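A structural walkthrough
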Amino acid sequence: MTTEFLTNTLNVEVTGRVATIQFNRPESLNSINIEMIKELASNLKEISNSDVIDIVVFTGNERAFSSGGDIKTMLNQEVNENDFSSVMDNISELVVTINSLPMLTISAISGAAAGLGLSLALATDYIIADENSKLAMNFIGIGLIPDGGAHFFLEKRMGENKAKQLIWEGKTLSAEEAHKLNLVHEVAADYKEALEAKIEDWLNKPIKAMIKTKKILAEKNRPQLLKILELEKNGQYAMRQTKDHQEGIAAFLEKRKPKFTGK
């Protein structure tokens, strides 16, 4: 039996023991706005109370997984400055929810997974990337730091030194490059086929034992994740005040290379 329902920003489908959450803002390459963040958190809390669902899949509608945070939020800096703290708190709540879900989680990436979109993918247990997908932790291009717990997840996957280099370079990675850096677990010619195979594999395993291992590690790492999210919130606020961030946004809009001054 399959149950489907839509929100303004998501398509949610539950089939048997699997819930699929599809980011659904294709007109902006599934960029993440505050409405999507809140709807994700709300749906995941409801899913977390299910006695039936064992696997949660995240994917994107049409051409991308998610291009990252909605640039309009950054453009309305003065208007939204008073709301910045609550937005970051909502992001933190969402990341902690994904990381500690009492289900196994999979991100199925096609197209772009960038910025906050990549951060959310990194919070899941397993990442499948289409061989033509592109991944980028590209906050540096607009004078910002990664958020969504990216510092925590990147360090866990790559080690501190490689994580720093990736963040500082901000370059776009192919799926194979991301796989070599341990950012994704699997690269597939047909990511949908690979996703189905992984789901079938997990559903035929003692999945409750797998979930228990996840919960133990999530609980162990929770204090560090919460600390990183707090540091990211404070750091991002400071970066939003810099001239380099203003230049990064202006260059993005004018489709030119930014001229950063370190201020």
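Presented here is an overview of the structure given in this document.

Quick notes on the rules
Residues numbered from 1 in each chain as written. Predicted model: local features only at pLDDT ≥ 70, side-chain atom pairs only at ≥ 80, totals over all residues. Heavy atoms only, no water. Helix = DSSP H or I, 4+ residues; strand = E, 2+ residues; numbered from the N terminus. Rg over C-alpha atoms; globule rule 2.2 N^0.38 Å. Buried < 20%, exposed > 50% of the residue type's maximum accessible area, 1.4 Å probe, protein only. Areas by Shrake-Rupley, 256 points an atom, 1.4 Å probe, with all protein chains shown as cover. Lys, Arg positive; Asp, Glu negative; His and termini not counted. Charge placed at Lys NZ, Arg CZ, Asp CG, Glu CD. Phe/Tyr/Trp six-rings, centres within 6.5 Å; stacked < 30°, edge-to-face > 60°. Lys NZ or Arg CZ within 6 Å of the ring centre and 35° of its normal. Core = buried A, V, L, I, M, F, W, Y, C linked by side-chain atoms within 4.5 Å. Contact = heavy atoms within 4.5 Å. Patch = residues over 30% accessible without salt bridge, like charges linked within 9 Å, V, L, I, M, F, W, Y side chains within 5 Å. Salt bridge = Lys/Arg side-chain N within 4 Å of Asp/Glu carboxyl O.

What follows is about the overall build of the protein chain. Within the protein chain, the regular secondary structure consists of 11 helices and 10 strands. A compact globule built from 263 residues should have a C-alpha radius of gyration of about 18 Å, and the protein chain, at 18 Å, falls within 12% of that. Oriented by its inertia axes, the alpha-carbon framework of the protein chain measures out at about 55 × 35 × 35 Å. Per-residue burial over the protein chain gives 51% buried out of 263 residues. With the model as given, the accessible surface of the protein chain reaches about 13,000 Å², and the carbon-plus-sulfur share is 52%. For the protein chain, the distance from the average position of its 31 positive side-chain charges to the average position of its 36 negative side-chain charges is 6 Å.

Time to look at the packing of aromatic side chains. In this structure the tally under the stated criterion is 5 aromatic pairs. With a centroid separation of 5.1 Å and an interplanar angle of 85°, the aromatic rings of phenylalanine 152 and phenylalanine 153 are classed as edge-to-face. By the burial criterion, phenylalanine 152 is buried, and phenylalanine 153 matches it. An aromatic cluster is present here, built from Phe23, Phe58 and Phe65 joined pairwise through their rings. Across the ring face of tyrosine 126, the terminal group of lysine 198 is positioned such that the distance to the ring centre comes to 4.4 Å.

This part takes up unusual backbone geometry. Phi is positive for leucine 29, which is not a glycine, with a value near 55°. With respect to the secondary-structure elements, leucine 29 resides in the loop between strand S3 (18-23) and helix H1 (34-48). Here asparagine 182, not a glycine, exhibits a phi torsion of approximately 70°, which is positive. Mapped onto the elements, asparagine 182 comes out in the loop between helix H8 (175-180) and strand S10 (186-188).

The biggest cluster of nonpolar side chains holds 58 residues, and the ones touching the most others in it are Ile21, Leu40, Val56, Phe58 and Leu154. Apart from residues no more than four positions distant in its own chain, leucine 154 is found in contact with Leu122, Met137, Gly159, Ala163, Leu166, Ile167 and Leu183.

Turning our eyes to something else, we now look at a negative patch on the surface. Taken together, the side chains of Asp190, Glu193, Glu196 and Glu200 make up a negatively charged region of the molecular surface. By the secondary structure assignment, glutamate 200 is in helix H9 (residues 191-203). Among the residues examined, glutamate 200 registers a relative accessible area of 53% and is labelled exposed.

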